[in-house]
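Listed here are the chains, written in short residue letters.
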Amino acid sequence: MAKKKKSTKKLAKSKADEELNQEAPEKRKVIGSRLKMLREEQKLKQPELAAKLGWGQSKVSKIERGMLKLDLVEFLKMMDAMRCSKNDARFVLYGKRRAKKKGSVSSEQLPSDGLPESKLSR
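Before going into details, it helps to say that this report is about the structure given with it. (Residues numbered from 1 in each chain as written. Predicted model: local features only at pLDDT ≥ 70, side-chain atom pairs only at ≥ 80, totals over all residues. Heavy atoms only, no water.)

1. Looking at the overall build of the protein
Counting its secondary structure elements, the protein contains 6 helices and 0 strands. In the protein, the succession of α and β elements from N to C terminus is α-α-α-α-α-α. Scored against the burial criterion, the 122 residues of the protein give a buried share of 32%. Pairs at least 24 residues apart make up 58% of the contacts formed inside the protein by residues separated by at least 6 positions. Total accessible area on the protein is roughly 9,000 Å²; 53% of this is exposed by carbon and sulfur atoms. (Helix = DSSP H or I, 4+ residues; strand = E, 2+ residues; numbered from the N terminus. Buried < 20%, exposed > 50% of the residue type's maximum accessible area, 1.4 Å probe, protein only. Contact = heavy atoms within 4.5 Å. Areas by Shrake-Rupley, 256 points an atom, 1.4 Å probe, with all protein chains shown as cover.)

Right under this line is the structure:
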């Protein structure tokens, strides 16, 4: 029997998937650290946030450290539990905020996370 050749489309797709999988842990760490920053701005402790969400404190900790994947529904629940705005969500995902809100951290004050914005906006 003759071996079937993989199509170029499948090869390109598998290379793209592989790249995304390699970047995913780093992106999770960046997003987790931004979530932690927002939680701390709200003066919430991990156990308090976990109780609001009905999760264990260890799950919140793992998300903030980038050890656990966060799906869209969980992300939205976290944002809602922390009473975050769309602007805060934009910050978590892309590292940008439109205007400084009273009492929040400006983008100039944020620590560098070592990733260019373009890598997070894919």
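There is more to say, and it comes next.
2. A look at the nonpolar core
Nonpolar side chains in soluble globular proteins tend to be buried together. Among the nonpolar cores identified, the biggest contains 19 residues, and Leu35, Leu38, Leu49, Met78, Met79, Met82 and Val92 are the most heavily contacted of them. For this core, the elements supplying multiple residues, two or more each, are α1 (8-41), α2 (46-53), α3 (57-64), α4 (72-81) and α5 (86-94). By residue number, the principal contributor to this core is α4, which donates 4 residues. Each residue touching Met78, except ones within four places of it in the same chain, is listed here: Leu35, Leu49, Leu53, Trp55, Ile63 and Leu70. (Core = buried A, V, L, I, M, F, W, Y, C linked by side-chain atoms within 4.5 Å.)

3. Concerning the packing of α2 against α3
At a closest axis distance of 8 Å, the pairing of α2 and α3 adopts a crossing angle of 110 degrees. Taken together, the axis directions place α2 and α3 in an arrangement best described as roughly perpendicular. As for how α2 packs across α3, the hand of that crossing is right-handed. Of the residues in α3, those touching α2 at Gln46, Pro47, Leu49 and Ala50 are Gln57, Val60, Ser61 and Glu64. A per-class count over the contact of α2 with α3 returns 4 nonpolar, 3 polar and 1 charged. (Axes fitted to C-alpha atoms, helices over the stretch in contact; angles between N-to-C directions. Parallel < 35°, antiparallel > 145°, perpendicular 65-115°, else oblique. Left-handed = near helix turned anticlockwise from the far one by under 90°. Nonpolar A, V, L, I, M, F, W, Y, C, P; charged D, E, K, R; others polar.)

4. Concerning α5
Where α5 is concerned, the buried positions are Asn87, Asp88, Ala89, Phe91 and Val92. The opening residue of α5, the one whose side-chain oxygen lies 3.3 Å from the backbone nitrogen of Asn87, is Ser85. Following α5 by one or two positions, Gly95 has its phi on the positive side, about 80 degrees. (Polar contact = N/O pair within 3.5 Å; in protein donor to acceptor, adjacent residues only side chain to side chain.)

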